[in-house]
Amino acid sequence: MNLAIIGHGKMGRLIEQLAPEYGFAVTSRLNSANNRDASGITGNNFAGVDVAVDFSTAAAAPHNIARLAALQINTVVGTTGWTQYLPQVQARVRDSNIGMVWSPNYSIGVNIFLQLASEASRRLASYKEYGAWAWEIHHAAKKDAPSGTLLKVVDEMQRADPGREVSVSSNRAGAHPGTHEIGFDSAADSLTIRHTARSREGFARGALLAARWVAGKQGWFEFRDVLFAQDSAPGALNRKGGASAPPSSAEKQGALAPEAELLDRG
Ligand SMILES: NC(=O)c1ccc[n+]([C@@H]2O[C@H](COP(=O)([O-])OP(=O)(O)OC[C@H]3O[C@@H](n4cnc5c(N)ncnc54)[C@H](OP(=O)(O)O)[C@@H]3O)[C@@H](O)[C@H]2O)c1
């Protein structure tokens, strides 16, 4: 199968290196120089491409996705920082009948961590003496803060316990590939759940797993659909013809985003 890599930085290069292990030949690589305003995503450049992976920038990703949808290219998106456009992007994906997997974090461990955070929040919903926090640290070059993963974790905690306040904080320092922690604290005790990434390799392998999985599929998926396909995936975002989940806070926020017309450039 042929793979296009959009965003040939730290993640894109690692995905290229590992792609043959997942049965992919990399036929296209785009960066800021050859894809300004998604201009590199053309029928000619993408002829024969089975799946594209986007690990670019928050400013570029929504335009890239719109162009890929127009060209009917199934896509895996790992780029973070653009969730205000999520509703418009989801609509574009559905209208074009492509398959797209989106996740702010393609590590298997983080997706288990998300489920644990949601379950802990649900079980502590009636114990208001527990205050909740969410924290993350990443390398100094990471642009968005809080991370897309932390926003997703907080969203899961608040879906499980609507109205739950969560104190959120971030650090940017050194070379950390990513640590996320949540906790609940009371006068009696403290509960902490932490995920620590050891390198970017887990993200790259997860994205390639998702790319292989989404080839030939239609609809909007999250990484947990790839990992836990046999589960009913409670709370999963809408699939074509599937059950609807309540809108997340990011979706509600995005529905009002005045920048929505940006997508029309795609
Ligand atoms: N979901 C996950 O599991 C996961 C894991 C790690 C990172 N991420 C996210 O993935 C994104 C990339 O991370 P990274 O660490 O690889 O960053 P990076 O090293 O800074 O790479 C970003 C790449 O995007 C390219 N780019 C900029 N504008 C572009 C455009 N219009 N079209 C195509 N490519 C363009 C840059 O090109 P130039 O070099 O020419 O500027 C660069 O090659 C970030 O949003 C990060 O938060 C997600």
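So, how was this worked out
Residues numbered from 1 in each chain as written. Predicted model: local features only at pLDDT ≥ 70, side-chain atom pairs only at ≥ 80, totals over all residues. Near = placed C-beta within 6 Å. Helix = DSSP H or I, 4+ residues; strand = E, 2+ residues; numbered from the N terminus. Nonpolar A, V, L, I, M, F, W, Y, C, P; charged D, E, K, R; others polar. Buried ≥ 20, exposed ≤ 12 C-beta atoms within 10 Å, placed from the backbone. Pairing = 2+ DSSP bridges. Right-handed = clockwise from strand over helix to strand, strands pointing away. Axes fitted to C-alpha atoms, helices over the stretch in contact; angles between N-to-C directions.

**Remarks on the site of the ligand**
Neighbouring residues of the ligand: 27 residues in total, closest Gly7, Gly9, Met11, Ala60 and Gly78. Sort the elements by how many residues they give to the shell around the ligand and helix 1 (residues 10-18) lands first, with 3 residues. Taken together, the residues of the shell around the ligand sort by class into 9 nonpolar, 15 polar and 3 charged.

**Some points on the pairing of strand 3 (residues 51-54)**
Across the two faces of strand 3 the burial is the same, with Val51 and Val53 and Ala52 and Asp54 all buried. As judged from the 4 bridges shared by strand 3 and strand 4 (residues 74-77), these two strands associate in the parallel manner. Each residue of the ladder has a partner; that of alanine 52, found in strand 4, is threonine 75. Each parallel crossover has a hand, and the one from strand 3 via helix 2 (residues 61-70) to strand 4 is right-handed.

**Some remarks on the sheet that holds strand 4**
In space, the 6 strands of this open sheet follow the order 2-1-3-4-5-10, with parallel pairing throughout. A strand with exactly one partner marks an edge of an open sheet, and here the two such strands are strand 2 (25-30) and strand 10 (219-222). Within this sheet the neighbouring strands show an average axis-to-axis angle of 20°, counted without direction. The pairing of strand 5 (residues 99-102) with strand 10 spans 4 bridges and is parallel.

Everything listed here is a matter of geometry and, on its own, says nothing about what the molecule does.
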